[in-house]
Amino acid sequence: MADVPKPEELAQIDHRPPVFRPWIDSPVEMRKGIYCYGAKGKNLAVVDMPNARDWNPADEDWKLPENWEDIIKEGMSDRLDRFRSFKLFMDICVRCGACADKCHFFIGSGDPKNMPVLRAELLRSVYRRYHTLGGKIFGKLAGARDLTEDVLKEWWYYLYQCTECRRCSLFCPYGIDTAEVTIIGRELTNLLGLNTDWIQAPVANCYRTGNHLGIQPHAYKDMIDFFVDEIEEVTGVRVNPSFNRKGAEILFITPSGDVFADPGTYTCMGYLMLFHYLESMGLDITWSTYASEGGNFGYFTSHEMAKRLNAKMYAEAKRLGVKWILGGECGHMWRVINQYMDTFNGPADFLEEPVSPITGTKFENGKSTKMVHITEFTADLIRHNKLNLDPSRNDNLVVTFHDSCNPARGMGLFEEPRYVIKSVCNNFYEMPPETIREQTFCCGSGAGLNAGENMELRMRGGLPRANAVKYVHEKYGVNMMACICAIDRAVLPTLMEYWVPEVQITGVHELVANALILEGEKERTTNLRGEPLPGMEEEEDV
Amino acid sequence: MGFIVSILFSFFAVVVVVAVPWIGVGALDLRFLFGIVVPYAAMAIFFIGVVIRVIDWARSPVPFRIPTTGGQQWSFPWIKHNRIDNPKSTWGVILRMFFEVVTFRSLFRNTRLEYRRVEGAPKIDYEWEKWLWLAALLFHYSFFVIFLRHFRFFMEPIPYFVQILDKLDGFLELGILPFINGLGVPTVYITDMLLMLALTYLFVRRLYIHQVRYVSLPADYFPLFLILALGFTGILMRYFIRVDITAVKTLAVGLFKFHPKTPEGIGVIFYIHLFCISTLIAYFPFSKLMHFAGIFLSPTRNLSNNSRIKRHINPWNYPVKVHTYEEYEDEFRELMVEAGLPVEKQPETTAETGEKE
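Residues numbered from 1 in each chain as written. Chains lettered and ligands numbered in written order. Predicted model: local features only at pLDDT ≥ 70, side-chain atom pairs only at ≥ 80, totals over all residues.

1. Regarding the overall build of chain B
From N to C terminus, chain B includes 15 helices and 2 strands. Expected size for 357 residues packed as a compact globule is a radius of gyration near 21 Å; at 31 Å, chain B overshoots this value by more than 25%. With respect to the principal axes defined by its C-alpha atoms, chain B has extents near 110 × 60 × 50 Å. (Helix = DSSP H or I, 4+ residues; strand = E, 2+ residues; numbered from the N terminus. Rg over C-alpha atoms; globule rule 2.2 N^0.38 Å.)

The following block contains the structure:
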């Protein structure tokens, strides 16, 4: 964080673009702290992606292939033919500006090219030049421009400043979705080997080892075993997860971030404790080291790469012979599962329509993909009084809930996590309505932007979220923000530390586990983080 | 393209649109051309152009089901489902599209960013902002009513609904100016005023709101000016420079019955009005005005969120190279066995001992 300006400096944001200098005549100026490092050649090569070589965005020479213009032009034509969304969104924008001040990156940076309308115009201008009559005849007067290396660099700089959160698309009167434009724009840059390494390295890792972090199977098991010890220390109960077990009824897949770093690890312990609790009631579940990643950084690369990484989920379910798949708390993982997975890699006719083995509830909303979100699963358990809960163990927390963009605007998962939280916590307050549910603000680091070198961008993009947290912190004393996304859990602590240091981050199932009374547990004095439970501060000192 | 150049360019383009029939009919008396050829050509361009554009969009498939979900999904019976903003069925989609097209539901959500700093710390608010929604709604509905009202020129006898509409639209019975009222000048249509007002607002906000000014193109100003010119010539004709309505009706009915005639005695102002509307409809298929058709095809709005319930088919779905479990186990088999993880194939003992030493 050393290079990042102080919050007071960063807060000096001017949202008024220049009056006289039009954007089309303002070449891109790449600022350090905003962009990520370029993808390394070896990480491109692992997955056979084009133009694999090391390159540096700060260099003049991006080592593009000789015919790069043709590649982009053909790539664009090809995608116009394959995606109605892209074609339509290139044509029908009226530039009403409703989206302009809805983007967290524009709010946090004031950079006019971060207005969703202009981010899309960066591509539209080139589209017009080669695909519309007006653009061919009138050129700049019709808002058209040639594809040049500067334009390509501008694309790259701004396409990797969009987190594909879809907030703009909610407000657009025609439903134009910048995420769609960004996704396809990024596909185009990937034809030239222009990814960021923060995306490409996880892609390469995930392809080979099954997860973004490159955790090998034995290490994955080691890490979970470590959580097993931790859980025993806190609760006195030893949980017993199984891995790659054939014949289990359910396969559990969660983002590897939960296995790797705090505070996601506590969420992971939460899953383990919940599964242990349910074991005697008939839950038969296994983890997988091969499909050990719920997230999908391929989705930030290209549709094809997303499909290649996603394929492991069904493949592993088939190999193990499970009946259905339970998915952990993750954001874009669920956008992919809800809107792409069955289309990519289905039909999952070797699986069965998911039924809760505890309550008998049929999860009819997942009957084709055969995948259930863990907050749906847990909400159903609580609804049927299957969990023995002591919410007072979370009484030291004043909780709010951050709707992660993807489950919000790519799924509509609003009530299930709230129902779970309210059942396991006594103090819950919502942030203002313009900042939650379908209008939720992104963490500022999604879609592969959670690197270290672009920290300034992340702090800027997260500002609207942080501002809403600050509001409830000051008004209600909120000190904990829950979320259902592994990227959130990885990046929001940093964001909070920067803007609202008094607030911490948790997954929903960490809260569940703290409230969950396990059979045969000892008297708990601390929560999973090792902090004293309410009323137990004294005992801790003894 | 600076905003001044954009505005000037669009303004002069509209001046040309006005000047062409003015000279063409006023000086050169090309009534056949401007009264018959141009309107027919414009209509042909409009219909053919729109159909081509829509077919062209429709030719590209919708590979993925990507509705923007603006409300609670359908999950359990005890959780209230938002069937409009997160439709599960076709009926839900029809409702969503209906409200989107008829009430501009998404635009109604609009807010305005209010960014301040209090003692150095940022403070962000989202303020009420329905003006864009209101102006857009008024503009589109006024235009629609005016369009319908014009059927009294195209049809003989005048359809009943047009007569009703006419009455309703003029119910204020106001004169255009106090002193003209009662001197045979017709009463003011509310929609005429609203249309001009809404257009003016839409133009002014393009200039006034920094972000919108920055993204505006000539293609945004031109239709505004053109429709303003259209409205202005219409208003002039109705209230100030009267034209022979019977002759106009003869021409209009002739056009619609494909027996075109160009009667004498229609003032040039009418031909300017006619040329403006011809230009507008001919411009449609080449412009952002196509949003009127595009909205119906927008995949984030016209699809139900049921891709977990029913498989959505991608017509160009193709097989991809994946890293199989077998390849994975081949790489990590020894480590897996050592860690007590089950494997499909046991490692060869020699390899294992070799590894250990």
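This is not the end of the story, as more comes after the structure.
2. Some thoughts on the environment of Leu272 of chain A
Residue and element names in this part refer to chain A. Position of Leu272 among the secondary structure elements: in helix 14 (residues 264–279). On the neighbour-count criterion, Leu272 (22 C-beta atoms within 10 Å) is buried. Taking C-alpha positions, Leu272 is 14 Å from Asp222, a pair spaced 50 residues apart along the chain. Apart from residues no more than four positions distant in its own chain, Leu272 is found in contact with Phe227, Val228, Ile231, Val239 and Pro241. (Buried ≥ 20, exposed ≤ 12 C-beta atoms within 10 Å, placed from the backbone. Contact = placed C-beta atoms within 7 Å.)

3. Here we look at the sheet that holds strand 2 (residues 285–287) of chain A
Residues and elements named next belong to chain A. Pairing is parallel in the open sheet, where 4 strands are placed in the order 2-1-3-4. Two strands bound the open sheet, and with one partner strand each, they are strand 2 and strand 4 (371–373). Within the sheet, the average angular offset between the axes of one strand and its neighbour, ignoring direction, is 30 degrees. As defined by bridge partners, strand 1 (residues 250–253) adjoins strand 3 (residues 324–327) across 4 bridges and the pair is classed as parallel. Residue pairing in the sheet places Ile253 in a bridge with Gly327 of strand 3. (Pairing = 2+ DSSP bridges. Axes fitted to C-alpha atoms, helices over the stretch in contact; angles between N-to-C directions.)

4. Some details on the domain arrangement of chain A
Residues and elements named next belong to chain A. We note that the domain assignment places domain 1 (8–30 + 50–194) and domain 2 (203–515) within chain A. In this structure, domain 1 and domain 2 have C-alpha centres spaced 32 Å apart. Counting residues at the interface gives 18 residues for domain 1, matched by 21 residues for domain 2. Within the residue set of the side of domain 1 that touches domain 2, elements represented by two or more residues are helix 5 (104–109), helix 9 (167–171) and helix 10 (178–190). By residue number, the principal contributor to the side of domain 1 that touches domain 2 is helix 5, which donates 5 residues. For the side of domain 1 that touches domain 2, the residue count by class is 7 nonpolar, 6 polar and 5 charged. (Domains from an automatic or database assignment. Nonpolar A, V, L, I, M, F, W, Y, C, P; charged D, E, K, R; others polar.)

5. Brief notes about the domain arrangement of chain B
In terms of domain boundaries, chain B breaks down into domain 1 (3–297) and domain 2 (325–356). Averaged C-alpha coordinates put domain 1 of chain B and domain 2 of chain B at centres separated by 70 Å.

6. Things to note about the nonpolar core
Considering soluble globular proteins, one finds that nonpolar side chains tend to be buried as a cluster. Among the nonpolar cores identified, the biggest contains 239 residues, and Ile421 and Val469 of chain A together with Leu226 of chain B are the most heavily contacted of them. Per-element tally for this core: the top contributor is helix 14 of chain A, with 10 residues. Ignoring sequence-local partners within four residues, the contact set of Leu226 of chain B consists of Val14, Val17, Cys276, Thr279 and Leu280 of chain B. (Core = buried A, V, L, I, M, F, W, Y, C linked by C-beta atoms within 7 Å.)

7. What to know about the interface of chain A and chain B
Size of an interface, as often reported, equals the accessible area lost when the parts are brought together. Across the contact, 97 residues belong to chain A and 86 residues belong to chain B. By residue number, the principal contributor to the side of chain A that touches chain B is helix 15 (residues 303–320) of chain A, which donates 7 residues. Each residue belonging to the side of chain A that touches chain B can be placed in one class, and the counts come to 42 nonpolar, 23 polar and 32 charged.

8. A closer look at the environment of Lys345 of chain B
Residues and elements named next belong to chain B. Of note, Lys345 is situated in the loop between helix 14 (325–338) and helix 15 (349–356). With 97 residues separating them in the primary sequence, Lys345 and Val248 have C-alpha atoms 89 Å apart. Not counting residues within four places of it along the chain, the set of residues in contact with Lys345 comprises Glu329 and Arg333.

9. With respect to the packing of helix 10 (residues 218–240) of chain B against helix 12 (residues 268–283) of chain B
Residues and elements named next belong to chain B. Remark: helix 10 packs on helix 12, axes separated minimally by 9 Å, with the N-to-C direction vectors making an angle of 150 degrees. Considering the angle they form, helix 10 stands roughly antiparallel to helix 12. Viewed along their axes, helix 10 and helix 12 form a crossing whose handedness is left-handed. Here helix 10 contributes Leu226, Ile227, Ala229, Leu230, Thr233, Gly234, Leu236 and Met237 to the contact with helix 12, which in turn contributes Ile269, Phe270, Ile272, His273, Cys276, Ile277, Thr279 and Leu280. Residue composition of the contact of helix 10 with helix 12, grouped by class: 12 nonpolar, 4 polar and no charged. (Parallel < 35°, antiparallel > 145°, perpendicular 65-115°, else oblique. Left-handed = near helix turned anticlockwise from the far one by under 90°.)

10. Some points on the sheet that holds strand 5 (residues 399–402) of chain A
Residue and element names in this part refer to chain A. Strand order in the open sheet made by the 3 strands is 5-6-7, with parallel pairing throughout. The sheet is open, and its two edges are formed by strand 5 and strand 7 (504–507), each paired on a single side. On average, adjacent strands in this sheet sit at an angle of 35 degrees to one another, irrespective of strand direction. The pairing of strand 5 with strand 6 (residues 480–483) spans 4 bridges and is classified as parallel.

11. Observations regarding helix 11 (residues 197–209) of chain A
Residues and elements named next belong to chain A. With 13 residues, helix 11 should reach 18 Å at 1.5 Å per residue; the first-to-last C-alpha distance of 17 Å fits that figure. Of all 13 residues making up helix 11, 12 are buried, and the element is well covered by its neighbours. Buried residues of helix 11: Asp197, Trp198, Ile199, Gln200, Ala201, Pro202, Val203, Ala204, Asn205, Cys206, Tyr207 and Thr209, and no others. Summarising the contacts, the buried residues of helix 11 are in contact with helix 2 (41–46) and helix 15. Backbone geometry just downstream of helix 11 places Gly210 in the positive-phi region, at approximately 100 degrees. (Expected span 1.5 Å × (residues − 1).)

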